[in-house]
Each structure stands twice: as structure tokens, then as C-alpha cells.
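What follows is each chain in one-letter form.
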Amino acid sequence: MKHTGRVMPRRGSSHSAEYEPLNGPDTPAEMRAGAPVMDDEYDSAGDDAAAPPFSWVDYSVFGFLGMAMLWAWNMFLAAAPYFASRFEGSPWIETNFQPTIMSVSTATSLAAVLVLTKMQRAASYPFRISCGLLINIATFALLTGSTTAGLGVSPRAYFAFVLAMVAATSVATGLLQNGALAFAASAGRPEYMQALVTGQSVAGILPALSEVLSVLLFPSRRTDRRRRAYQDGGGGTELPAAGAEGKTSAFVYFLAAVVISVVALAAMIPLVRHHKRNAEYRALQQSEDDAGRRHRSEEPAAHTVVPMRVLFSKLRWLASGIALLFTTTMFFPVFTAKIRSVQEPAEPWMGGLFARDAFIPLAFFFWNLGDFGGRLSTIVSARGGGLGANSAHGGRPKLLFKLAALRVVQLPLYLLCNVGGRGAAVPSDFFYLGVVQVPFGFTNGWLCSRLMTSAGSWVDEGERGAAGGFMGLCLIIGLAAGSLLSFSIAGI
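Reading the values: rules and limits
Residues numbered from 1 in each chain as written. Predicted model: local features only at pLDDT ≥ 70, side-chain atom pairs only at ≥ 80, totals over all residues. Heavy atoms only, no water. Helix = DSSP H or I, 4+ residues; strand = E, 2+ residues; numbered from the N terminus. Contact = heavy atoms within 4.5 Å. Phe/Tyr/Trp six-rings, centres within 6.5 Å; stacked < 30°, edge-to-face > 60°. Buried < 20%, exposed > 50% of the residue type's maximum accessible area, 1.4 Å probe, protein only. Axes fitted to C-alpha atoms, helices over the stretch in contact; angles between N-to-C directions. Left-handed = near helix turned anticlockwise from the far one by under 90°. Nonpolar A, V, L, I, M, F, W, Y, C, P; charged D, E, K, R; others polar. Salt bridge = Lys/Arg side-chain N within 4 Å of Asp/Glu carboxyl O. Parallel < 35°, antiparallel > 145°, perpendicular 65-115°, else oblique. pLDDT = per-residue confidence, 0-100.

> Mind laying out the overall build of the chain, listing which residues take part and the relevant values?
Along its length, the chain carries 18 helices and zero strands. Long-range pairs, those at least 24 residues apart, make up 85% of the contacts in the chain with a sequence separation of at least 6.

> Outline the packing of aromatic side chains, supporting the account with residue identities and numerical values.
A complete count under the given rule lists 18 aromatic pairs for this structure. When the centroid spacing of 5.8 Å and the interplanar angle of 55 degrees are considered together, the rings of Tyr82 and Phe83 count as tilted. Accessibility expressed as a relative area gives 0% for Phe83, which makes it buried. Centre to centre, the rings of Phe83 and Tyr158 are 6.5 Å apart; their planes meet at 40 degrees, and the pair counts as tilted. Of this pair, Phe83 sits in helix 4 (residues 80–86) while Tyr158 sits in helix 7 (residues 155–186); the two residues are 75 residues apart in sequence, bridging distant segments of the chain.

> Go over the packing of helix 8 (residues 190–217) against helix 17 (residues 429–454), please, and point to the residues and values.
Contact pair helix 8 / helix 17: the axes reach a minimum separation of 9 Å and the direction vectors enclose 145 degrees. When you trace helix 8 past helix 17, the crossing you get is right-handed. Of helix 17, the residues touching helix 8 (which contributes Pro190, Met193, Gln194 and Val197) are Ser449, Met452 and Thr453. The residue makeup of the contact of helix 8 with helix 17, split by class, is four nonpolar, three polar and no charged.

> Any details on the pattern of salt bridges? Residues and values, ideally.
Summed over the entire model, instances satisfying the criterion amount to two salt bridges. As a salt-bridge pair, Lys314 and Asp460 come within 3.6 Å of each other at their nearest N and O atoms. Note that Lys314 is positioned in helix 12 (residues 308–329) and Asp460 in the loop between helix 17 and helix 18 (464–485), a separation of 146 residues in sequence. Of the residues examined, Asp460 reaches a relative accessible area of 39% and is grouped as partly exposed.

> A description of the packing of helix 16 (residues 397–406) against helix 17 should follow, citing residues and the corresponding values.
Running from N to C, helix 16 and helix 17 point in directions that differ by 150 degrees, and their axes come no closer than 11 Å. Judged by the inter-axis angle, helix 16 sits roughly antiparallel to helix 17. In terms of crossing hand, the pair formed by helix 16 and helix 17 is left-handed. Residues Leu400, Leu403 and Ala404 of helix 16 touch helix 17, and the partners they reach there are Trp446, Leu447, Arg450, Leu451 and Ser454. For the contact of helix 16 with helix 17, a count of residues per class yields six nonpolar, one polar and one charged.

> Account for the confidence of the model for the chain, naming residues and giving values.
Mean pLDDT over the chain works out to 75, with 72% of the residues at or above the 70 mark. Of the regions scoring below 50 in pLDDT, residues 1–25 engages in 59 contacts with residues more than four places distant in sequence or in other chains. Low pLDDT, under 50, characterises residues 235–246; the predicted model gives this stretch 26 contacts beyond four residues in sequence or across chains.

This is the structure in C-alpha cells:
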């Protein structure tokens, strides 16, 4: 595969100014190292000479790992209608369960990643990934069982159970995020980091889509009974609460998460094998370039320990940008769980796409579709030049930070929609889904991909694994800050 994303600008081109002074602090590590800045260096082979061969198998597995990494997070968001049905009878929980889930999740992930970031020297990234997947398998299995057992428990008891499951999956996410980001960064191919962040976006699309389909294909027994009662002229028939009967849709939804984690665990086998081959290739390349130097080990047991202050000094704009990006993004789940369709049926049991149970995950689907498009577009823009072409070698960190800050102007658009079913200033589902959700998701995906894939170019080669983990830490800091701030709009 010809990797045009690694092409560097010619001297004297319109892009050269952004890298001056050539040996200054805002110069990518590859250029500070004294490598010739010539297009033919990369065009001749299509890749950086020091990089290992590209593998579509590795690319696909990293993409699948990215999906498995955030499946739990998106599952808890998209399943908001199901959880709301289980929390009926407790007004405080009904109002605050979404920001509470997000806060517990991000705080636990942040604590886990902080501990893992301190444990760099003897880190085995594949082991961390595997542990995270095993925890997810156990947790999702318990959630699957909860849809058929213990349906009569109180809202408080079920809320405590859900928060315990959230905490467990958050530890797993911390292991996955730290392990996978560092593993991808240390592989020496920016395509793998791009695959990882794109897979994270797929993790938002599929859970939301599966929730919509499961609600439509497997409506709750309560809904079916209400429909039959209405058709028989008994519309006033008293029925037990929705949570008391459970949902086949939720069972299928949570069971799918178990399958995803099992497949991801199996996919780790070829990935680890290929990584070992790449480590041998890179050691061979290094010995050929400088036969007098002793081969440096590429095994994960000998990672360079890089203090976080050193990483921040090199990645300050990118790290601050990724934290700010997700601080802003974390407001959208609270809005999305509260906004209803302007065509919502008069009775919830009537069902259809515009009923609350289906419309909320549908809105999550559209946001994640925009997010996926934004991450995927980084491949296209990298071939077209400009900021995209340069981002693989650092891009423009200050510009990316400013663009992340500008996303705050998109948030007031949510207030124009049908929040809480109280009416919309712009009474249009297309406006909400197509003008608010999709663009907000697109800017998140595009900036996330740019910020994450640029980081490896601003540190030395031996620091790339630590840089990947550090960027993941900053991402979770942004999620935690946004989750806490989202309580400010929980009562809208």
C-alpha cells in the first residue's frame, strides 16, 4: 500500500512556514532529527524507510479493537430508554442517571489510566488489552442476565447494580485505551492509530443501530399487550411497569456486546504475532542504517519511561486540544437522552421510529454517523494536501486546539430542539438529526483523529508508546470534566 499520508512538504512550499524554525520546539521530531525534507524520500518506497511494512490484517484488528474499546461506553448511552424504564418510580434517578453514569465511568477510567500511565517500564500492552476484554465479557454477561432475572428489584437497587457494572467496564476501558493507544503508537505506522480511532466511532454507530432495530423487532411484552388491549377496546387496562417485565431487545443488545468482546480477544492473536515480526523488522532496519550501534530491544518489557511533564511540554497543544474536545462533547449525551421527536406518538405504546424508545438511540446513531464520517474523512484529506497531508507529521497543533475550542458554539443549537417534549423553536426532526447531531459528531470525529494521529510526530521514536498512552489520558480527563459539567444541564 502506498502511504501518501507520510509525504512531507517541499522546501519553499506554502506549508514550510508552519515548521519554522526548523529546530524549534514546534517542529515535528522527524524533522528535528535531521531527516532530509524531500518528497522522493517517501515516494520512492511509499513509506518511511524506518517504518515496518503495512499490514491490512493489523489495520483491521486495530479497527476492531477500537470498536470493542468504546462499545461499553456507547452501549450505556444508547440504552438510556431501557434504563429509564427500570428507574420508573424514582424521580431523582430518572433525572440524573445519565450524567451519573457518565461521571462514574469517566472518573473510574481516569483513575485506571493514571495508574497505568505510571507503570510504563514493564508494561505489556497486549496483556492490558486482553485483561480489559475479559472484564468486559464478564460484565456484559451479567448485564444480559439482568434483563431476565431480578426484574422486581427497586429502582435504587438496580441503579446501584448498573453503576457497579459501569465501574467495571470503565476499568476495562482504561486497560483497553491505555494498551491499544500505546500499542498502536509503538507500531510505527500512523495508519494503525487512524484505524483505532475510526473503530471507536464504529462502536458508536453499531450499538445505537442495534438498539433501534431491537426495539422495533423485539418490542417489550408490555407494548404488545397495550396494543392488543387498545385493539380490543380495553385501552385502560392496568399493566405492570415496563421494567418489571424486561425486554427481549435489551437481552439481545447486551448479548451482542459479549460476542464483540470475545471476537476482539480472539483477534489479538494474529495482531501480537505481526507486532513481533515488525519489531524484528525495525531492529534489522536500525542495524543496517548504523551497524555500529547495538540493536535496541522492541519488546514491550523494555519501554522507555517518559515523565508526563516531558510529554506535555512536547504535546501541550495536542493534549489540551483533545481534553477540550471531549469536555465539550460530553454535553451531547444529556441533550440526546432528553430531546424527543416532534412527531412522537400520543401514546408511547404505539411504537415506531418516532416513539421515545427508538428515537433516542436513533439520535445517538446520527451523531455517531457524523463522528464516523469525520474520522474516515481524515484518510481522504490526507491524500488531498493541506492540513490533512501535514497532520501525519504534526499538522498545526495550535490551529487544531483553536478549532476544538470553537466547537462550544454548536451546543446552543440543542436548545432549539424538542427538549423534554416541551416543544421546539425549530419543529423539525431533520434539523435536529441532520443539522445539529451529524455536524457536532463530524467535528468531534475529525478533530479527534487529527489530534491523536499527530502526536507521534512530536516525540522521539522511543517515546511514541508513552505519547499514545498520554494522549489517551488527556482524552479521559476531557471526558471526566465534561461529565461533571453536564450535571449543569441535567434538569433542563
